[in-house]
Amino acid sequence: MKIAKKASNVVEEAKLEKRHSLLKLAKMLIPYKWILLACVLLTVMVNLAEILKPYVMKIIIDDFLTSGIAQHGLYSITGMGLLYFVMIALGAVCSLMHTRLINKVGQKILNVLRVKVFTHINRMPLAAFDRYSSGRLITRATNDIETINEFYTDIIVNLFKDVVLLVGIIAVMLQMDVKLALVGFSTIPLIVLITLVVKKALRKNFVKMKALIGRINGFFSENIDGMKTVQAFNRQKNKLGEFKSLNKEYYDSTLFQIKMNSLLRPLMEVVNSLTIALLVVYGYYGISGGILELGVVYAFTTYIKQFFEPINDLAEKYNTIQSAAVSADRVFEILDDGDQEDPHAGEKGGRVLGKVEFRHVWFAYEGENWILKDVSFTIPKGSKVAFVGPTGAGKTTIINLISGFYPIQKGEILIDDVPISQWKLEDLRRGVCVVLQEVFLFSGTIEENIDLYSGTSRENIQRAVTLSAADTFISKHPGGLDASVSERGSTFSSGERQLLSFARAIAHDPAVLVLDEATANIDSNTEQVIQQSIKMISKGRTAIFIAHRLSTIRDCDCIYVISNGQIAEQGNHEQLMRLGGIYSQWSGKASRREDGAQPA
């Protein structure tokens, strides 16, 4: 298990290192170039004030305190003091404006990025969700985006300022005294060496940390959804052990990150102090020899402190930069995944009429592990058919293919005599409605869960509720259709959720109505009502059933028996019973189960 996890991390790291996602983040600033230009000008003003302050003190020391030059107007201690205050005030105002502007730009970009990620995930085909776990997707859409937020609102805020400040300080120091400036710059190679040593370790650990966050999010999501099963089988202790192991891995990687990050700042402070010591020694001999002035040495020590401030800041923020780089890689890994559904692509549009045909269809989710093998059948418009067979035979896969959720490897699927690949997905899925055994309800109201924001009229929703027999329990809820639905519909019983799914399907008026074990969670009394509703709503529609209840499929025009990915038998109930094959045996067992007898 550990080897597999390490291999997975290595593969993910290799993929991430190929990308230059920080450049992509920088390109997202282009639409705001005029605001950024204003930020650059404000930054220049802030740094100009910072750079001039030591120079003003140099003039005061060398001209007025040491040399005693006559003072007049602005060229005086009072004038220089006033100028010093003005520069401080101007720098503060410009810094405030710069920070607000760059934060506004950052939030706008993050807003766009969040929408892009959600839109991309929304249009990913089901095959893509087989590759990405929910934890990985949630982490990219939340934790990673928030980390990128720090890049824009923290790093970018200081990036312009630090770069311009460094360039300005270097220029002033070289202008004042080249030799003294070279002494000040002598420790730069040491800074570069420290950065290079730490960089690789930090990035590698960040990749591991982000992967662990995704696994932790997935673990929480999976266990919260499956809490009933965990408690029913008393697996709380085991799950806690799994989480402790996962959490320990994250703790160790975070602790390593803290150690490395805490090491950078002291190292830079040591280098800073070393540089100042070299300047003091060199300056002492320079002043003694009459080749340097006291004010120049004072200015240089101040400039060196200012020079190391942005370097120390970058060292401190390096942790954030590396985190943002890895998070950007992970976000763009999703956005660069070209596996997307286009609901408007395709030549064929309009309303689906209801004819479904499979011609020699072969399908596998992975490689050549065939789920369906050379499957052919035709379902005429308005007919009522059923698929039966053991679990894993391929029944639900057929439904997924009819809805266009997966592309097939061989053969052809036609809807109304048009290949499914030529249909616009939006129109295809509007015409094919699937009612699943496991019903998913969203937070909101009952009406919103039936309508799904499609614009269905209140009258049609009420009619669908009546036809599906959902009104028998909706009328008991305060508010009726406006009653609140909690997350996943946890306050409703399985049967009630199933009835709501029937109402949802009926309200959207599909040409092809698919019921995938849709009556499994409904009691016998409710099923009788549902069977009557199905007969009413199936008129003029193609109805496809996947069911284990004989009563659901007995009256179907054709029943297909699926075995080992192939159609083993087909015909109506009477024909298959006379055949005495697989269906006949299954029918007998199903009949005994529904009568309350023990299956043979």
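Source: prediction; values computed, not measured.

### Brief notes about the overall build of the protein
At step 1: Each helix and strand counted, the protein has 22 helices and 12 strands in total.
At step 2: Here the protein, with 600 residues, has 46% of them falling under the buried criterion.
At step 3: Expressed as a percentage of contacts within the protein between residues at least 6 apart in sequence, the contacts between residues at least 24 apart total 78%.
At step 4: Total accessible area computed for the protein in this model is approximately 30700 Å², and 59% of it derives from carbon and sulfur atoms.

### Section: the sheet that holds strand E5 (residues 418-419)
Within a sheet, adjacent strands bond to each other through the backbone by hydrogen bonds, running parallel or antiparallel.
At step 1: Taken together, the 4 strands give an open sheet; going across it, the order is E2-E1-E4-E5, and neighbouring strands pair in antiparallel fashion. The strands lining the two open edges of the sheet, one partner per strand, are strand E2 (370-379) and E5.
At step 2: Pairing of strand E1 (residues 356-364) with E2, which is carried by 6 bridges, proceeds in the antiparallel orientation. The residue bridging Val356 from the neighbouring strand is Ile379, located in E2.
At step 3: Those strands touched by helix H13 (residues 395-402) are E1, E2 and strand E4 (410-415), and its axis lies near 115° from that of E1.

### Some points on unusual backbone geometry
At step 1: Despite not being glycine, Asp416 shows a phi value in the positive range, around 55°.
At step 2: Judged by its relative accessible area of 15%, Asp416 falls in the buried class.
At step 3: Its identity as a non-glycine residue notwithstanding, Asn564 has a phi of 55°, on the positive side.
At step 4: When you line up the elements, Asn564 lands in the loop between strand E11 (558-563) and strand E12 (566-571).

### Structural notes on the environment of Arg203
At step 1: Along the chain, the position of Arg203 falls in helix H9 (residues 188-225).
At step 2: According to the relative accessible area criterion, Arg203 is buried, its value standing at 17%.
At step 3: Counting along the chain gives 118 residues from Arg203 to Ile321, while the straight-line C-alpha distance between them is 9.6 Å.

### Digging into the pattern of salt bridges
At step 1: For the structure on display, the rule yields 16 salt bridges.
At step 2: Measuring nitrogen to oxygen at the nearest pair gives 3.7 Å for the salt bridge that ties Arg359 to Glu412. Of this pair, Arg359 sits in strand E1 while Glu412 sits in strand E4; the two residues are 53 residues apart in sequence, bridging distant segments of the chain.
At step 3: Across the pair Arg458 and Glu447 runs a salt bridge whose closest N-O atoms are separated by 2.4 Å. Separated by 11 residues along the polypeptide, Arg458 in helix H16 (residues 458-467) and Glu447 in helix H15 (residues 446-451) bring together distant segments of the chain.
At step 4: Using a relative accessible area of 35% as the deciding quantity, one classes Arg458 as partly exposed.
At step 5: Each member of the salt-bridge network shares a partner with another, and the members are Arg351, Asp509 and Arg541.

### Regarding the side chain of His120
At step 1: Position of His120 relative to the elements: it lies in helix H4 (residues 77-122).
At step 2: The exposure class assigned to His120 is buried, which follows from its relative accessible area of 8%.
At step 3: Leaving out residues up to four positions away in the same chain, His120 has contacts with Ile334, Leu335, Asp337 and Gln340.

### Some remarks on the packing of aromatic side chains
Any two aromatic rings considered together are summarised by their centre-to-centre distance and by the angle between their planes.
At step 1: Taken as a whole, this structure holds 9 aromatic pairs when the rule is applied.
At step 2: Ring geometry for Phe387 and Tyr560: centres 5.2 Å apart, planes at 20°, overall stacked. Separated by 173 residues along the polypeptide, Phe387 in strand E3 (residues 384-388) and Tyr560 in strand E11 bring together distant segments of the chain. Tyr560 matches Phe387 in its accessibility class, with the two residues each being buried.
At step 3: Residue placement shows Lys410 over the ring face of Trp362; its charged tip is 5.0 Å from the ring centre.

### With respect to the pairing of E3
At step 1: Counting buried positions over the 5 residues of E3 gives 5, a clear majority of the element.
At step 2: Both E3 and strand E10 (residues 542-546) contribute to a ladder of 4 bridges, which runs parallel. Bridging from a neighbouring strand, Lys384 pairs with Ala543 of E10.
At step 3: Here E3 runs beside E11; their pairing, made up of 4 bridges, is parallel. Looking at the pairing, Val388 lines up with Val561 of E11.

### Some words on the packing of H16 against helix H18 (residues 494-507)
Packed helices, taken two at a time, are described by the angle their axes make and the gap between the axes.
At step 1: Orientation of H16 relative to H18, taken along the N-to-C sense of each, is 130°, at an axis distance of 8 Å. Accordingly, the angle class assigned to the pair H16 and H18 is oblique. Along this stretch, H16 crosses H18, giving a crossing that reads as right-handed. Every residue of H18 that contacts H16 at Ala464, Val465 and Leu467 is listed here: Ala503, Ile506 and Ala507.

Quick notes on the rules
Within each chain, residue numbers correspond to sequence positions counted from 1 in written order. Note on the predicted model: pLDDT of at least 70 is required for a residue's local features to be given, and 80 or more for side-chain atom pairs to be given and counted; whole-chain, interface and lining totals, by contrast, use all residues. Processing note: side-chain calculations cover all non-hydrogen atoms of the structure and skip hydrogens and water entirely. By the criteria applied, helices consist of DSSP H or I runs no shorter than four residues and strands consist of E runs no shorter than two, each listed in order from the N terminus. Buried residues are those whose accessible area, probed at 1.4 Å on protein chains only, stays under 20% of the maximum for their type, while exposed residues exceed 50% and partly exposed ones sit between those limits. Only heavy atoms enter the contact rule, under which two residues are in contact if any of them lie within 4.5 Å. Here the accessible surface of atoms and residues is derived via Shrake-Rupley with a 1.4 Å probe, and residues count as covered only by protein chains that are part of the display. We treat two strands as partners when DSSP finds at least two bridges between them. As a rule, the C-alpha atoms of each element are fitted with a line to give its axis, helices using only the stretch in contact, and angles between N-to-C directions run from 0 to 180 degrees. For this document, the term salt bridge refers to a Lys or Arg side-chain nitrogen within 4 Å of an Asp or Glu carboxyl oxygen. When two rings of Phe, Tyr or Trp (its six-membered ring) have centres within 6.5 Å they constitute a pair, described as stacked for plane angles under 30 degrees, edge-to-face for angles over 60, and tilted for the intermediate range. Any Lys NZ or Arg CZ that is within 6 Å of a ring centre and within 35 degrees of that ring's normal is treated as a charge sitting over the ring. Each angle is binned into one of four classes, with values under 35 degrees roughly parallel, values over 145 roughly antiparallel, values of 65 to 115 roughly perpendicular, and all other values oblique. Crossing handedness is read from the near helix: turned anticlockwise from the far helix by less than a right angle, it gives a left-handed crossing, and turned clockwise, a right-handed one.

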